[in-house]
Each structure stands twice: as structure tokens, then as C-alpha cells.
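# Structural overview for review
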Amino acid sequence: MIDDLRSLAFSVSAVENFSFINEQFFAAHVGPEATDQLLAGGWRHFGEHYFRYNLGFYDSEIRRVFALRIDLSTFSFSKSQRRTLKRNEDLETVFRPARVSDETHDLFERHKQRFQHAVPESIYDFVSPEPASVPCEGLECAVYDGARLMAVSFFDVGKIAVSSIYGMFDPEETNRRLGIFTILREIEFALESGKKYYYHGYIYDGNSFYDYKKRFRALEIYDWNGGWLKFRD
């Protein structure tokens with residue numbers, strides 16, 4: 001796999017001055033300012049594993065990979081997003097330190113049945129055993145219908161930024177668009193907390209499963225040279 005990526009990087013480099021990036025490190029304690037700096041450099045993390053890469057495999061193809069973020073100073077909700085928020089007004093949303101409970105495990109096991117490829121084995125593929133503090137401050141957005149847990153998403157909190165890590169929802173409630181709903185609630189949390197940016201992961205060049213991340217206003221894309229540009233699909 002790595003040899004294939006390097007071969008592609010060299011061929012692209014000849015015409016675009018392209019540099020292949022595939023880096024990683026492990027860290028148990030990362031402060032708020034460092035969290036912001038890493039996010040601004042295109043870094044992501046699952047648990048203590050930090051990584052960034054600008055080429056990846058998707059649907060048997062090698063694709064360019066880009067990090068996205070939302071500039072919250074110019075962000076506004078679309079009509080569709082407002083409808084999603086209103087559709088779920090009957091649900092209770094709780095923000096609290098991230099944790100992995102028996103309820104969370106059960107929801108994860110049901111949610112992962114939605115996937116046919118790259119099915120995750122464990123919630124700990126995405127969060128550490130101590131997600132509230134390792135490797136950085138982590139919160140969760142828990143959505144309830146009475147006592148029933150409907151959705152959970154995990155996110156990091158930096159000094160000026162919030163970063164989405166992973167979200168899951170009850171697969172029997174797809175009509176509620178709870179995956180999008182938790183993202184919207186995280187954005188509301190970031191706005192109310194006075195943050196500047198909301199990071200919501202990587203996308204692939206071309207169409208992919210992750211295109212829902214492109215459907216937000218005030219999007220910026222990382223150019224892999226230290227700068228952020230306005231996103232144009």
C-alpha cells in the first residue's frame with residue numbers, strides 16, 4: 001500500500017509539485033493550545049494515535065485527501081439543517097465529559113451494522129479508555145428520547161476550536177438524520193462557547209461516503225502547505 005502511494009506521489013509531483021504526506025505519532029496528554037495547532041496543521045487523532053495524510057484508498061482507488069473546517073465567524077445554518085434541528089426538538093441533548101458506558105457500547109454495536117466495508121471492531125478504535133481527558137479534553141453530545149439513548153458523538157475541545165471525532169446513532173431512526181443532528185448540535189456548542197473553528201474530519205477528492213461533510217456553509221480546506229482556503233467543491 002505504501003509503495004503504491006509513493007509511486008502515485010512521485011508521478012503527481014512531476015506535474016503539480018505534489019508532496020506525499022503520511023505522518024503519525026502517539027501522545028497521552030495534549031493541551032488546548034497544542035490541540036488547536038495540530039488541528040490547524042491537518043492532524044486528526046483516534047485515541048492517543050495522531051495522524052495526517054494527503055493520499056488514501058477509497059473504493060479501490062487512490063484519492064487525494066483533504067482536511068475540512070468551518071469558519072464559525074461567517075457560518076449560518078441552511079434551511080435543511082434548520083429543519084433537522086426542528087425535527088428533533090422533542091429529544092433531549094446533553095453535553096458532558098466523554099465516557100464509554102454500557103449504553104454506548106450497545107449503541108455502537110448496533111450502529112456499525114450499517115457499514116458493509118471497513119466495519120470498526122470497537123469504540124476504542126476511535127476514543128481512548130479515558131476519553132474525557134486522554135489525550136485531550138473530550139466531551140460527548142448524548143441525545144435521548146426519554147431514557148432511551150438515541151445518538152452519541154465525541155468531540156475535542158481546544159482553546160479556539162472544537163473537533164468532531166466520531167458519531168453514532170440508532171439505525172432504526174435514520175429518518176431523524178441523527179448523525180447530522182449531533183454535528184449541528186456540536187456546532188451550536190462551539191458557537192455558544194465562543195470558538196473560532198469547527199473541524200469535522202477528512203474528505204476525499206471526488207464523490208465519496210464522506211460528502212455530507214461538504215454540505216456546510218463557511219467551509220475551508222487545508223492546502224497541505226500550512227494554509228486554509230475557501231472550499232469549492
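Reference entry: report on the structure contained in this document.

Here is what the cut-offs are and how they apply
Residues numbered from 1 in each chain as written. Predicted model: local features only at pLDDT ≥ 70, side-chain atom pairs only at ≥ 80, totals over all residues. Heavy atoms only, no water. Axes fitted to C-alpha atoms, helices over the stretch in contact; angles between N-to-C directions. Helix = DSSP H or I, 4+ residues; strand = E, 2+ residues; numbered from the N terminus. Parallel < 35°, antiparallel > 145°, perpendicular 65-115°, else oblique. Contact = heavy atoms within 4.5 Å. Nonpolar A, V, L, I, M, F, W, Y, C, P; charged D, E, K, R; others polar. Salt bridge = Lys/Arg side-chain N within 4 Å of Asp/Glu carboxyl O. Buried < 20%, exposed > 50% of the residue type's maximum accessible area, 1.4 Å probe, protein only. Phe/Tyr/Trp six-rings, centres within 6.5 Å; stacked < 30°, edge-to-face > 60°. Lys NZ or Arg CZ within 6 Å of the ring centre and 35° of its normal.

## Quick notes on the packing of helix α3 (residues 79-87) against helix α5 (residues 178-192)
In helix packing, the relevant descriptors are the interaxial angle and the interaxial distance, both defined with respect to the helix axes. The contact between α3 and α5 brings their axes to 10 Å, and the two run at 100°. In terms of their interaxial angle, α3 and α5 are classed as roughly perpendicular. For the pair α3 and α5, contact is made by Gln81, Thr84 and Leu85 and by Phe181, Leu184, Arg185 and Glu188, respectively. Taken together, the residues of the contact of α3 with α5 sort by class into three nonpolar, two polar and two charged.

## Considering the pattern of salt bridges
All told, the structure shown has 16 salt bridges when counted by the stated rule. Across the pair Lys86 and Glu89 runs a salt bridge, and its minimum N-O distance is 3.8 Å. By relative accessible area, Lys86 is classed as exposed at 56%. Here Arg110 and Asp170 are joined by a salt bridge, their closest N and O atoms 3.2 Å apart. You can see Arg110 sitting in helix α4 (residues 102-111) and its partner Asp170 sitting in the loop between β9 (161-169) and α5, a full 60 residues away along the chain. Of the residues examined, Asp170 reaches a relative accessible area of 2% and is grouped as buried. Through salt bridges with shared partners, a single network forms among Asp90, Asp106, Arg110, Arg148, Asp170, Glu173 and Arg176.

## Let's talk about the packing of aromatic side chains
For the structure on display, the rule yields 23 aromatic pairs. Each ring, one from Phe126 and one from Tyr166, has its centre 4.0 Å from the other, and the planes form 10°; the classification is stacked. In this pair, Phe126 sits in the loop between α4 and β7 (138-145) while Tyr166 sits in strand β9, placing the two residues 40 residues apart along the sequence. Owing to a relative accessible area of 11%, Tyr166 belongs among the buried residues under this scheme. Look at Tyr222 and Trp228: their rings are 5.1 Å apart centre to centre, the planes differ by 45°, and that puts the pair in the tilted class. Look at Tyr222 and you get buried, because its relative accessible area is 4%. Judged by its relative accessible area of 16%, Trp228 falls in the buried class. When the ring centre of Tyr197 is taken as origin, the NZ or CZ atom of Arg69, which lies over that ring, is 3.7 Å away.

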